[in-house]
Structure formats: structure tokens, C-alpha cells
Amino acid sequence: MRERLTNWAGNITFGARRLHRPESVAELRAVLAGADRLRVLGSGHSFNRLADTDGDLVSLAGLPRTVEIAPDRRSVRIDGGIRYGELAARLAAEGLALHNMASLPHISVAGAVATATHGSGVRHGNLATAVSGLEILRADGSTAVLDRDHPDLAGAVVGLGALGVVTALTLDVVPAFELRQYVYENLPAAALDEHLDEILSAGYSVSLFTRWTGPDIDQVWLKRDAPLTGDLFGARPADGPRHPVPGMPTENCTGQGGVPGPWHERLPHFRMEFTPSSGEELQSEWHVPRTAGRAAIAAVAGLRERVAAVLQVCEIRTIAADHLWLSPNHRQDSLALHFTWIADTDAVLPVVADLEKALAPHGARPHWGKIFTTAPSELRGAYPRFGDFAALARRFDPQGTFRNAWLESLLG
Ligand SMILES: Cc1cc2nc3c(=O)[nH]c(=O)nc-3n(C[C@H](O)[C@H](O)[C@H](O)COP(=O)(O)OP(=O)(O)OC[C@H]3O[C@@H](n4cnc5c(N)ncnc54)[C@H](O)[C@@H]3O)c2cc1C
């Protein structure tokens, strides 16, 4: 019997005939040459059928690790299978850093970038904005090398796996830095309403967590370099370590209490050696322009009871605008409303649909790697460069080798 192959959350069983784990680019080429349809699986942390295929699935986790720091120490060239946790440790050892990280270091860089995965911070773009070069193996066996000045780069970075196999990426890096992480509890709703921008700008990275069981914000996670004392807009410092999901072990989380630590041990919420988040969950997320943030929060509050009934925790973050064609942050400073749901698709989907209706008037764009039900036509309309992306995908992959049912309906 064929091995049952699922995503990390277990809500998607992939329909692939085979999963290949090549150990060299030459082996990868051979797999590609023998496949009529193929998708790349990163670390499998997406919650929808984006990475699925009824053809061949290939994981690049077995490729030789590449971490080549440029002589000017401003960029690093990496292979298409490396995970953030591994890369971050290597960069930190060299005195270098990434500008930001997601809540977890477990995800592959290529897979995260392909869906515009992000951290938080009003001045920081999503993780895909660090990409200054891509090497893409196309279905015909040729390799497209897109450098910083290449006109296709801005379209190819958030590529949803549609253009080919990303065998290598170049990321911009910065000198290593330290951060302190503070957790505050019970931010009054009135403070959020009056001081939203100040609160979201109070650190390098700020996250607000709520279960929507009451009007207040349960926890504020604030990562910054300078020390802080006292309350934060009426929220009190936590009296010990916290996990954003009630009842989960706090040892899974990165260091708190304002103790300074290296960037890669403070920017993610969760530690590489432990299960991130709750481990049994589904996720959705919508990005709205930051200017619509207050109205979008009010729209969710209008569905408070429906949401709370199927929610583990909701996180509110910010992301700076960028120029990447399919980035949900394309040309708009954004506020992201993330929902960690209970692991029950049937119970969650109707609430997702209601949230989409409530958030649509505020210009919401869903996270590409999470659960949403937005019609493809609406998604196409949400991205001014969507037509250019569809043309780029056709040009890179005219036979549709890298297409799956999910992409077929999206690209039209
Ligand atoms: C517990 C948890 C926490 C999360 N936290 C965050 C968060 O803080 N912020 C956030 O924005 N998102 C978050 N996510 C979502 C996650 O970051 C995205 O779903 C991301 O895409 C996962 O990366 P992956 O390597 O698992 O990609 P996969 O899910 O494996 O693949 C995603 C896409 O990338 C493509 N792909 C992967 N590798 C390649 C390659 N080498 N070449 C071409 N295409 C490729 C796949 O075909 C697919 O289309 C979280 C998810 C989980 C499970």
C-alpha cells in the first residue's frame, strides 16, 4: 500500500504517485525529466492544496546544504531545501542575520518565500522581500538565473511553485543583532482603539494575541532592542513565560522577560527543537491595508462568538509594503489577522467564509499557504500584477508541468 503522505497539519493527504528525495541537482534533473506533472514539497507547513499534485512530488530536503556568504557579507546563496532554523544558526555563527523571521523556524526558505510568509514589524517586509536572486530549474531542463536587476524577479519570488523548481536562492542579510522579548497581558480594548499604531510600532516586531472571548487583547509580544519597564498602554508585564495558545508548554517558546538574545532566538515565537504553535490545528490569515486595520479588527469583533467557538488563538501583526507581484503586501503597508483554528475543517470552513465576507470590504488578501475560500476571480482582482504573473507562469512552464488543480483554477 502507498505511504499516506500528508502536510504538517494532517488536513491534506497529497494525491502524488510518488515522493522523490533527490540528493543532488543531477538526481533532481533526472526526476524532472521522467515526470509529466511535478510539484515541489517544502517542509509541508501549508494548510491547503497548493503543494498537491496527482503527478510526482519532490522534496529538496536531501540536497547538499549550501550557505555561501558573499564577499561583501551583504547576501547569502542557499540551496532550495534548507530550513530557516538551520540557515539562521549558520548566519548567526558568522555574525550575520536575516531581517525578520516567521513565528517558527521549522519551515523551508523556498516554501516560505513562495507563499510570502511573514513575521511582524511596521518597518519590515515579509520574508520574500529578502530575496535578491533565484535559480529556477524549468520543465525543459534549463535553469533560469534571476538576479536582483532581472525584470522577472519581482514576479517570480512569490511564485507559488508555478514556475519551476527553485534550486537556489540569494537572500540579503544584515549584521547580527540582539533583541529582548517582552510579553504583556490584558491590553484594554480602549487602548487598542486609541493607540493602535503606537502599540504596533512599539518594537522591532509586535504581535497581539486574542481568543476573542472578550474585548481586550490577551497578550502583546514585543521584540525590541531597548529595555522596557512598567506597563504598556495599560497591559501588565507577564509574571513568567507564556505560550500564545493557552495550556501549551512555555518551554516551546523563545526566551522572554526582556533577556537579550540573538535575533534568531527572539524573532520566532517558537523554538526549533519543539512543536510550534499547538500542533493540532488549522490556520487562516488575511492581510488588509494598515489604514483599514481598526475597521478590520472591528469587523472580526462583530463575529466574536462564531470565531471564538472554533479558535485556539488569533494573532495580529504588521508587514511593510513591497513590490512583489503576488505578495499580499504588494504596494500596501499591511495588518495581518491570523487565526489558529481547532483541527476540524467542517466546523472551521463556515466561519472562514463569514470572515471573508466581513473582511472583503476592507481589501483583505488571504495568506497563500493557509485556508481560504475566496473565489479565484476575486483573488485575481486583488492583485494589480496578477495578469503579468499568469503570463510569467505560462512563459516559464508552457506545458503546465508544475500546474496542479489548485493553480489551474487560480490562474484560469
Ligand atoms: C505552525 C505554523 C506556523 C506558521 N507561522 C507562520 C508565520 O508566522 N507567518 C506566515 O506568514 N506563515 C506562517 N505559517 C505558514 C507557512 O509559513 C507557509 O505555509 C509556508 O509556505 C510553509 O513553508 P513550507 O516550506 O512548509 O512550504 P510548503 O507548504 O511545503 O509549500 C508551499 C509552496 O511552496 C512551493 N515550494 C516549496 N519549495 C519549493 C521549491 N524549492 N521550488 C519551488 N516551489 C517550492 C510548493 O510547491 C508550494 O506551492 C505557519 C504554518 C505553520 C504550520
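Under an unreviewed UniProt entry, the name given to the protein chain is Xylitol oxidase, and the organism recorded is Actinoplanes campanulatus.

1. Quick look at the overall build of the protein chain
Summing up its helical and strand segments, the protein chain has eleven helices and 19 strands in all. Seen through its principal axes, the protein chain has C-alpha atoms that stretch 60 × 50 × 45 Å. In the protein chain, the share of contacts with a sequence separation of at least 24, taken over all contacts with a separation of at least 6, comes to 71%. Surface accessibility of the protein chain: about 16,100 Å² in total, with carbon and sulfur atoms responsible for 50%. Counting 40 positive and 47 negative side-chain charges, the protein chain places the centres of these two groups 2 Å from one another.

2. With respect to helix α5 (residues 189-200)
Between its first and last C-alpha, α5 extends only 14 Å over twelve residues, short of the 16 Å set by a 1.5 Å rise per residue. The complete set of buried residues in α5 reads Ala191, Leu192, Leu196, Ile199 and Leu200. Along the long axis of α5, the arc covered by the buried residues comes to 145°, so they all point the same way. Considering only its buried residues, α5 is in contact with β11 (178-187), β12 (205-210), β13 (217-224), α6 (293-301), β17 (311-319) and β18 (334-341).

3. Let's talk about the pairing of β11
Relative to strand β15 (residues 261-262), β11 is paired through two bridges, and the arrangement is antiparallel. Looking across to β15, one finds that glutamate 178 is bridged to proline 262.

4. Considerations on the layout of surface pockets
By volume, the second largest pocket is sized at about 290 Å³. Contributing to the lining of the second largest pocket are 17 residues, with Asn48, Arg49, Phe372, Thr373 and Trp406 lying nearest its centre. Looking at the lining of the second largest pocket, the elements that each hand over two or more residues are α8 (345-359), α9 (376-382) and α11 (405-411). Among the elements that make up the lining of the second largest pocket, the one with the highest residue count is α11 (three residues). Taken together, the residues of the lining of the second largest pocket break down into nine nonpolar, six polar and two charged.

5. What to know about the sheet that holds strand β3 (residues 56-59)
Here we have three strands laid out as an open sheet, ordered β1-β3-β2, and parallel in their pairing. On the outer flanks of this sheet lie β1 (18-20) and β2 (38-41), each paired with one strand and no other. Ignoring which end each strand starts from, the neighbouring axes of this sheet average 30° apart. The pairing of β2 with β3 spans four bridges and is classified as parallel. Within β3, the position partnered with leucine 41 by the bridge is serine 59.

6. Things to note about empty space enclosed by the protein
If a probe the size of a water molecule is rolled over the atoms, the empty space left behind becomes visible. Tallying each qualifying case throughout the model produces one cavity of 30 Å³ or more. Taken as a whole, the largest cavity encloses approximately 50 Å³ of empty space. Along the walls of the largest cavity sit Asn100, Met101, Ala102, Ser103, Gly119, Ser120, Ser205, Ser207, Lys223, Leu267, His269 and Arg317, which together make up its complete lining. Considered class by class, the residues forming the lining of the largest cavity number three nonpolar, seven polar and two charged.

7. Here's the deal with the packing of α5 against α6
Helix packing for two helices is described by the angle between their axes and how far apart those axes are. In the contact formed by α5 and α6, the axes pass within 10 Å of each other and the chain directions differ by 145°. The handedness of the crossing between α5 and α6 comes out as right-handed. For the pair α5 and α6, contact is made by Leu192, Asp193, Glu194 and Leu196 and by Gly293, Arg294 and Ile297, respectively. Of the residues contributing to the contact of α5 with α6, the split by class is three nonpolar, one polar and three charged.

8. Points about the sheet that holds strand β5 (residues 75-79)
Read across the open sheet, the five strands follow the order β4-β5-β9-β7-β8; overall the sheet is antiparallel. The two strands at the open ends of the sheet, each matched to only one other strand, are β4 (67-69) and β8 (143-146). Here the average twist between neighbouring strands, direction ignored, is 15°. Where strand β7 (residues 131-137) and β8 come together, four bridges link them in antiparallel fashion. Bridging from a neighbouring strand, leucine 134 pairs with leucine 146 of β8.

9. Some details on the pairing of β3
Neither face of β3 is open: one carries Asp56 and Val58, the other Leu57 and Ser59, and all of them are buried. Note: β1 against β3, three bridges, orientation parallel. Within the sheet, the bridge partner assigned to histidine 20 lies in β3 and is valine 58.

10. Quick word on the state of the cysteines
Here the structure, examined in full by the defined rule, presents zero disulfides. Left unpaired, cysteine 253 is separated from the closest cysteine sulfur, that of cysteine 314, by 17 Å. Residue class for cysteine 253 comes out buried when judged on its relative accessible area of 6%. Looking at cysteine 314, the relative accessible area reads 0%, which means it is buried.

11. Concerning the side chain of aspartate 152
Its place among the elements puts aspartate 152 in the loop between β8 and α4 (153-156). Aspartate 152 sits in the buried class, given a relative accessible area of 9%. Looking at aspartate 152, its side chain comes within polar contact range of the side chain of arginine 395, at 3.0 Å.

The rules we used
Residues numbered from 1 in each chain as written. Predicted model: local features only at pLDDT ≥ 70, side-chain atom pairs only at ≥ 80, totals over all residues. Heavy atoms only, no water. Helix = DSSP H or I, 4+ residues; strand = E, 2+ residues; numbered from the N terminus. Contact = heavy atoms within 4.5 Å. Areas by Shrake-Rupley, 256 points an atom, 1.4 Å probe, with all protein chains shown as cover. Lys, Arg positive; Asp, Glu negative; His and termini not counted. Charge placed at Lys NZ, Arg CZ, Asp CG, Glu CD. Expected span 1.5 Å × (residues − 1). Buried < 20%, exposed > 50% of the residue type's maximum accessible area, 1.4 Å probe, protein only. Arc of directions from axis to C-beta. Pairing = 2+ DSSP bridges. 1 Å grid on protein atoms, 1.4 Å probe; cavity = no way out; pocket = protein on both sides within 12 Å on 5 of 7 lines; lining within 4 Å. Points joined across faces, edges and corners; volume = space filled by probe spheres on them. Nonpolar A, V, L, I, M, F, W, Y, C, P; charged D, E, K, R; others polar. Axes fitted to C-alpha atoms, helices over the stretch in contact; angles between N-to-C directions. Left-handed = near helix turned anticlockwise from the far one by under 90°. Disulfide = S-S within 2.5 Å. Polar contact = N/O pair within 3.5 Å; in protein donor to acceptor, adjacent residues only side chain to side chain.

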